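Secondary and tertiary structure notes
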Amino acid sequence: MTEKTDSQKILVLLGSPRKKGNSTTLAEQIVKGAEAAGATVEKIYLHGQNIAPCQACYACRKPDSKGCAIDDDMQPIYKKLIEADGWVIASPVYWFSMSAQTKLFLDRCFALLSYKKGAFAGKRIAVAMSYADADPFISGCVNALRTFQDAFAYVKANIVGMVYGSADKPGEIKSNQALMAEAEALGRQLAKS
Ligand SMILES: Cc1cc2nc3c(=O)[nH]c(=O)nc-3n(C[C@H](O)[C@H](O)[C@H](O)COP(=O)(O)O)c2cc1C
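Residues numbered from 1 in each chain as written. Predicted model: local features only at pLDDT ≥ 70, side-chain atom pairs only at ≥ 80, totals over all residues. Heavy atoms only, no water.

For the rest of this paragraph, the subject is the site of the ligand. Close contacts around the ligand come from 17 residues, with Ser16, Ser23, Val93, Ala167 and Asp168 the closest. Between the ligand and asparagine 22 there is a distance of 2.7 Å, counted from an oxygen atom to a backbone nitrogen or oxygen. Here an oxygen atom of the ligand and a backbone polar atom of phenylalanine 96 are 2.8 Å apart. Considering the ligand on its own, with 650 Å² of exposed area, one finds that the protein chains cover 78% of that surface. Elements that contribute at least two residues to the shell around the ligand include exactly helix H1 (22–36), strand E3 (86–94) and strand E5 (124–131). If you tally residues by element for the shell around the ligand, the top one is E3, at 3 residues. Of the residues in the shell around the ligand, the class split is 8 nonpolar, 6 polar and 3 charged. (Near = heavy atom within 4 Å. Polar contact = N/O pair within 3.5 Å; in protein donor to acceptor, adjacent residues only side chain to side chain. Areas by Shrake-Rupley, 256 points an atom, 1.4 Å probe, with all protein chains shown as cover. Helix = DSSP H or I, 4+ residues; strand = E, 2+ residues; numbered from the N terminus. Nonpolar A, V, L, I, M, F, W, Y, C, P; charged D, E, K, R; others polar.)

Let's shift gears to the environment of proline 53. Relative to the elements of secondary structure, proline 53 occurs in the loop between strand E2 (40–45) and helix H2 (74–83). C-alpha separation for the pair proline 53 and phenylalanine 105, spaced 52 residues apart in sequence, amounts to 8.1 Å. Sequence-distant contacts of proline 53, defined by excluding residues within four places in its chain, comprise Ile70, Leu104 and Arg108. (Contact = heavy atoms within 4.5 Å.)

Moving on, we get to the pattern of salt bridges. Scanning the entire structure with this criterion turns up 8 salt bridges. Across the salt bridge formed by lysine 103 and aspartate 107, the nearest N and O atoms sit 2.8 Å from each other. A residue pair is termed a helical-turn pair when its members lie 3 or 4 positions apart in one helix, as lysine 103 and aspartate 107 do in helix H3 (residues 100–108) at 4 residues. A residue is classified by how much of its surface remains accessible, and aspartate 107, at 32% relative accessible area, is partly exposed. It is possible to trace a salt-bridge network through shared partners that takes in Lys32, Glu184 and Arg188. (Salt bridge = Lys/Arg side-chain N within 4 Å of Asp/Glu carboxyl O. Buried < 20%, exposed > 50% of the residue type's maximum accessible area, 1.4 Å probe, protein only.)

Right, let's get into the nonpolar core. With 35 residues, the main nonpolar core has Leu13, Ile77, Leu81, Trp87, Phe105 and Phe152 as its most contacted residues. Looking at this core, the elements with two or more residues in it are strand E1 (9–14), H2, E3, H3, E5 and helix H4 (141–154). With 5 residues, H4 is the single largest residue contributor to this core. Beyond its immediate sequence surroundings of up to four residues, tryptophan 87 is in contact with Leu11, Leu13, Leu81, Leu112, Phe120, Lys123, Arg124, Ile125, Ala126, Phe152 and Leu190. (Core = buried A, V, L, I, M, F, W, Y, C linked by side-chain atoms within 4.5 Å.)

Of all the positions in H3, only Gln101, Thr102, Phe105, Leu106 and Arg108 are classed as buried. For H3, the angular spread of buried residues about the axis comes to 165°, placing them on one side. (Arc of directions from axis to C-beta.)

We now examine a nonpolar patch on the surface. On the surface, Tyr94, Trp95 and Phe96 cluster together into a nonpolar patch covering about 430 Å² of accessible area. Within the secondary structure layout, phenylalanine 96 lies in the loop between E3 and strand E4 (97–98). Residue phenylalanine 96 is classed as partly exposed on the basis of its relative accessible area of 44%. (Patch = residues over 30% accessible without salt bridge, like charges linked within 9 Å, V, L, I, M, F, W, Y side chains within 5 Å.)

Put into structure tokens, the structure is as follows:
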């Protein structure tokens, strides 16, 4: 029997400090869909990783660059980001944008191209966000969604879909069944090559 080798690799970046929080719950639902469609999934909780802010040294932009000059937990993540076919980025809304954990990660992605030319191009991306306000505009969620849209359009990555909803207590978002179904469907879509 020949082994199946075409399964999509999905890397999940979780940007909430709450391990059973709402954005993580949404991401888990995306994972459920992706795994049902045959993908292999790895999750990384950004909170608790040693990820320093970008120091704007531009070492990653030098012609002979060996990558990001900061030797911390982003180094193995760069490798995983490159190897994955798709990424799930999950974040709560904090102060009308993404969480600091997510933004630190995003800023450090500035160096990804120094590990592989065109590293973002065609990368399939799903975004999951939660917020306490009832409205995605008033909560500030839309600011973060726009950031992801602009950033990933700039580097020619492909946002497959974005799921987001209102909830406050950890896991409360589960009661939004329509959103849960939407997230699972996004996972199936993400896992398509
Ligand atoms: C520091 C902090 C800032 C927050 N800022 C906002 C905000 O600007 N808008 C909003 O609607 N909710 C805000 N919230 C509420 C969270 O977005 C909300 O509880 C969300 O569901 C948390 O997601 P999580 O469970 O994945 O951490 C904030 C919560 C915290 C702790």
